[in-house]
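Examination of the molecular architecture
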Amino acid sequence: MDNKYKAVIVGILLVLSLFAAGCAQQGDEGEETDNGADEQKTTSIGYVMWDGEIASTNVMKEVLEQAGYEVEIIAVDAGPLYQGLADGQFDFTTSAWLPQTQANYWEQYGDQVDRVAVNLEDCKLGLAVPTYMEDINSIEDLNANKEKFNGKITGIDPGAGIMQNTEDAIDVYGLDYDLEASSSAGMASALDGAYRDEQPIVVTLWTPHWAFGRYDLKMLDDPQQAYGESDNVETLARQGLEEEKPELYAIIGRFNWTHEEIQTVMADMEGGMDAEEAAAKWVENNPDRVNEWIGTE
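Residues numbered from 1 in each chain as written. Predicted model: local features only at pLDDT ≥ 70, side-chain atom pairs only at ≥ 80, totals over all residues. Heavy atoms only, no water.

1. Brief notes about the overall build of the protein chain
Note the cut-off: Helical segments are the DSSP runs of H or I of at least four residues, strand segments are the runs of E of at least two, and each set is numbered from the N terminus. Accessible area is worked out with a 1.4 Å probe on protein chains only. A residue is then buried under 20% of its type maximum, exposed over 50%, and partly exposed in between. By definition in these notes, contact holds between two residues if any of their heavy atoms fall within 4.5 Å. Reported accessibility uses the Shrake-Rupley method at a 1.4 Å probe radius. Residues are deemed covered only where the shown protein chains occlude them.
Counting its secondary structure elements, the protein chain contains 13 helices and 10 strands. Looking at the protein chain as a whole, 45% of its 297 residues are labelled buried. Long-range pairs, those at least 24 residues apart, make up 78% of the contacts in the protein chain between residues at least 6 apart in sequence. Split by element, the accessible area of the protein chain, about 15200 Å² in all, is 46% carbon and sulfur.

Following this line, the structure appears as structure tokens:
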């Protein structure tokens, strides 16, 4: 074989090797793109172990799974919730009570997280009575009706924040009442017994709560603001999420619901249904709301 043909063959082999290398590189780049797409469809949610937040987190998990995401939920206390967002340990939370209840955490971490949207409005702490007590509409009405209630307010755990708020309310309004500590379950049992017999009862309560879905109750007006102003529950995200996962960020930005909706989930949970099952039931029964959040309506 003369040198001319050798040169031609070498040239052909060189072209083929370069072509093969280019195909391999494109394959690697395609694999990286696919892996990147997979990464975009994973997310993690931090939440606190309060009934309302368990409900909203599990509903959001179901919604995002319908949108094609692989979702991990991570239960933490309120402080680690904010620190975890600031450190990027999870993508977002639907559990932020602002501007009051978690004000100290917002003051510490607020400049390190993104405030996405309000997902539940007008959440209150205070005193509640059944609606059949038509003449009792304000905390100011309690002293004039002391005998009806036997001078007793039924509370929950002695260390709960709402118990201190109630002690403050007794002072602010000059109530001649005793606050009886119990537990959340004990308060609910006392409320259930009184409600069944249409007896007077005043309890420490907050919204949202499953009891408002089961019974006809009303929060008493608090003109002296002994319990403070209402909070909103907000969705917060780690910084950078909007740029990295814009579709996910858009979905969680559209997520908002009513007290009636969340209390339906909470009532199923209180009735013995586990949180995931209760959330799946609600999502199945409310396809229009789910499509609205996903953005496919």
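Read on for the rest.
2. Structural notes on the side chain of Ser138
We count it as follows: Pairs of N or O atoms within 3.5 Å make up the polar contacts considered here, provided that, within protein, one atom can donate a hydrogen while the other can accept it, and that residues adjacent in sequence are counted only when both atoms are side-chain atoms.
Looking at the secondary structure, you find Ser138 in the loop between strand E5 (125-130) and helix H5 (146-149). Note on Ser138: relative accessible area 9%, which makes it buried. For Ser138, the side chain forms a polar contact with the main-chain nitrogen of Glu140, separated by 3.1 Å. Sequence-distant contacts of Ser138, defined by excluding residues within four places in its chain, comprise Leu220, Asp221 and Pro223.

3. A closer look at the packing of helix H2 (residues 51-66) against helix H13 (residues 287-294)
The following threshold applies: In this analysis, axes come from line fits to C-alpha atoms, helices being fitted only over the stretch in contact, and the angle between any two N-to-C directions falls in the range 0 to 180 degrees. For classification purposes, angles smaller than 35 degrees are called roughly parallel, those larger than 145 roughly antiparallel, those between 65 and 115 roughly perpendicular, and all remaining angles oblique. By the convention adopted, Pro, Cys, Tyr, Trp, Phe, Met, Ile, Leu, Val and Ala count as nonpolar, Lys, Arg, Asp and Glu as charged, and the other residues, Gly among them, as polar.
Two numbers describe how H2 lies on H13: the axes approach to 10 Å, and their chain directions differ by 70 degrees. By the angle between their axes, H2 is roughly perpendicular relative to H13. On H13, the residues that touch Val59, Val63 and Gln66 of H2 are Val290, Trp293 and Ile294. Of the residues in the contact of H2 with H13, the class split is five nonpolar, one polar and no charged.

4. Some points on the environment of Ser44
Within the secondary structure layout, Ser44 lies in strand E1 (residues 42-47). Its relative accessible area of 11% is what places Ser44 among the buried residues. Between the alpha carbons of Ser44 and Asp91 there is a distance of 5.4 Å; along the sequence they are 47 residues apart. Setting aside its immediate chain neighbours within four residues, Ser44 contacts Glu72, Ile74, Gln89, Phe90, Asp91 and Phe92.

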